[in-house]
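# Fold and geometry: a report
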Amino acid sequence: TALNETDVPVPKSYALCEDEDIIGTPFYIMEFKDGRVLWDPAMENSDFEEAKGVYLSMNASIAKLHSVNPKNVGLEDFGRPGNYVGRQVSRWSKQYIDSETENIESMNNLIKWLPENLPVEKQTSIVHGDYSLTNVMVGATDPNVIAILDWELSTLGDPCADFNYHCLQYTLNPKMADASYCKEKGIPIIQDYVKIYSDNIGIDLTEEWDLYTAYNLFKLAGILQGILGRVRDGTAANKQAAEKASGVRGLADEGWELIEKNFK
């Protein structure tokens, strides 16, 4: 609702009902958007122009979100301002320790190193928390983002951390990690994608990019370890949860390798 009066592409919100007696739970009504949700970040079923257009529009859309002053739209109390990455490191360290199922040296190293080596404090922005191709809708016949969806993890925080989390696909998806594939497909390579965002937002990410990437690999490892902890405790809802969360060690190793290569 707060973003309806900005240039951030979101559906219009019409009504909120908090009376659980109506349908059994609080609910809201929002605008219907006639578009598409694409599921493959590698865009294998898209042509060159569509793939390029989707990525440029995603980049511009998250920059628009991060450029909104929370105070100007009544969201100054939407989250705790300042020390976003530090608080996230503390949160996911605690979750990891509480859910630990094996000793992973690289994760232990990250838990110890990150709190003392946080990125420089940035402007406080509205952050989505899980911005990705699958959480946006593009036009029915064009590549432009017409709606950003799934705001459950949104809060106030570091825009660069939010954008970097979105870019983990370049690290984790084998096709996205292949610069030659991206160039052939029309997807901006990671260096160009980061520069486009930096130009859009007015923040140079060059020096701290690998630090943000290590942090987000650590964060994702903490999230997946929480799933493994629920598997251990018998409370995981998804039967495939253990398989999906099995990459904790690989994420932690990759994050610590980035730190050792660039900051040690």
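Up top is the structure.
Just so you know, these numbers come straight off a predicted model, no measurement behind them.

### Some thoughts on unusual backbone geometry
- With phi around 55 degrees, M43 is a residue other than glycine that occupies positive phi space.
- Locating M43 in the fold gives a position in the loop between β3 (35-36) and α1 (48-67).
- On the basis of relative accessibility, which here comes to 2%, the residue M43 falls in the buried class.
- Of note, the phi angle at D150 is positive, near 60 degrees, even though the residue is not glycine.
- Its place among the elements puts D150 in the loop between β6 (145-148) and β7 (155-157).
- A relative accessible area of 42% means that D150 is categorised as partly exposed.

### Notes on the environment of T124
- Along the chain, the position of T124 falls in the loop between α3 (105-113) and β4 (125-127).
- For T124, a relative accessible area of 32% translates into the label partly exposed.
- As a C-alpha pair, T124 and I223 span 99 residues in sequence and 23 Å in three-dimensional space.
- Dropping the residues within four chain positions of it, T124 is found in contact with P70, P81, G82, L156 and G157.

### Some thoughts on the packing of helix α2 (residues 84-99) against α3
- For the pair α2 and α3, the least separation of the axes is 10 Å and the interaxial angle reads 145 degrees. Our pair here, α2 against α3, has a crossing hand that is left-handed. On α3, the residues that touch S93, Y96 and I97 of α2 are M107, N108 and I111.
- Of the residues that constitute the contact of α2 with α3, the class distribution is four nonpolar, two polar and no charged.

### Some points on the packing of aromatic side chains
- Counted according to the given criterion, the structure contains seven aromatic pairs.
- Look at W113 and F263: their rings are 6.1 Å apart centre to centre, the planes differ by 45 degrees, and that puts the pair in the tilted class. Note that W113 is positioned in helix α3 and F263 in helix α10 (residues 248-263), a separation of 150 residues in sequence.
- For F263, a relative accessible area of 30% translates into the label partly exposed.
- Geometrically, the ring pair formed by Y170 and Y193 is tilted, given 5.8 Å between the ring centres and 50 degrees between the ring planes. In this pair, Y170 sits in helix α5 (residues 169-172) while Y193 sits in helix α7 (residues 190-201), placing the two residues 23 residues apart along the sequence.
- Under the relative-accessibility criterion, Y170 is labelled buried at 6%.
- What links up through ring pairs into an aromatic cluster is the set Y55, F163, Y170, Y193, Y197 and W209.
- When the ring centre of Y165 is taken as reference, the NZ or CZ atom of K219 above it lies at 4.8 Å.

### Quick notes on a negative patch on the surface
- Taken together, the side chains of E105, D253, E254, E257 and E260 define an acidic patch exposed on the protein surface.
- Broken down by element, the residue count for the negative patch peaks at four residues, all from α10.
- Summarising the element assignment, E260 is placed in helix α10.
- E260 sits in the partly exposed class, given a relative accessible area of 46%.

### Some points on the sheet that holds strand β5 (residues 136-139)
- Read across the sheet, three strands follow the order β3-β5-β6 without closing on themselves; strand pairing throughout is antiparallel. Every interior strand has two partners, whereas the edge strands, β3 and β6, have only one.
- Strand direction decides the pairing type here: β3 and β5, joined by two bridges, are antiparallel. Along β5, the bridge assignment pairs G35 with G139.
- α1 rests against β3, β5 and β6 of the sheet, and its axis sits at about 45 degrees to β6.

### Some details on the state of the cysteines
- Inspection of every chain in the model, using the stated rule, returns zero disulfides.
- No disulfide involves C160; its sulfur sits 11 Å from that of C167, the nearest cysteine.
- Taking relative accessible area as the criterion, C160 reaches 0% and is therefore assigned buried.
- No disulfide involves C182; its sulfur sits 11 Å from that of C167, the nearest cysteine.
- We classify C182 as buried; its relative accessible area is 0%.

The rules behind each value
Residues numbered from 1 in each chain as written. Predicted model: local features only at pLDDT ≥ 70, side-chain atom pairs only at ≥ 80, totals over all residues. Heavy atoms only, no water. Helix = DSSP H or I, 4+ residues; strand = E, 2+ residues; numbered from the N terminus. Buried < 20%, exposed > 50% of the residue type's maximum accessible area, 1.4 Å probe, protein only. Contact = heavy atoms within 4.5 Å. Axes fitted to C-alpha atoms, helices over the stretch in contact; angles between N-to-C directions. Left-handed = near helix turned anticlockwise from the far one by under 90°. Nonpolar A, V, L, I, M, F, W, Y, C, P; charged D, E, K, R; others polar. Phe/Tyr/Trp six-rings, centres within 6.5 Å; stacked < 30°, edge-to-face > 60°. Lys NZ or Arg CZ within 6 Å of the ring centre and 35° of its normal. Patch = residues over 30% accessible without salt bridge, like charges linked within 9 Å, V, L, I, M, F, W, Y side chains within 5 Å. Areas by Shrake-Rupley, 256 points an atom, 1.4 Å probe, with all protein chains shown as cover. Salt bridge = Lys/Arg side-chain N within 4 Å of Asp/Glu carboxyl O. Lys, Arg positive; Asp, Glu negative; His and termini not counted. Charge placed at Lys NZ, Arg CZ, Asp CG, Glu CD. Pairing = 2+ DSSP bridges. Disulfide = S-S within 2.5 Å.

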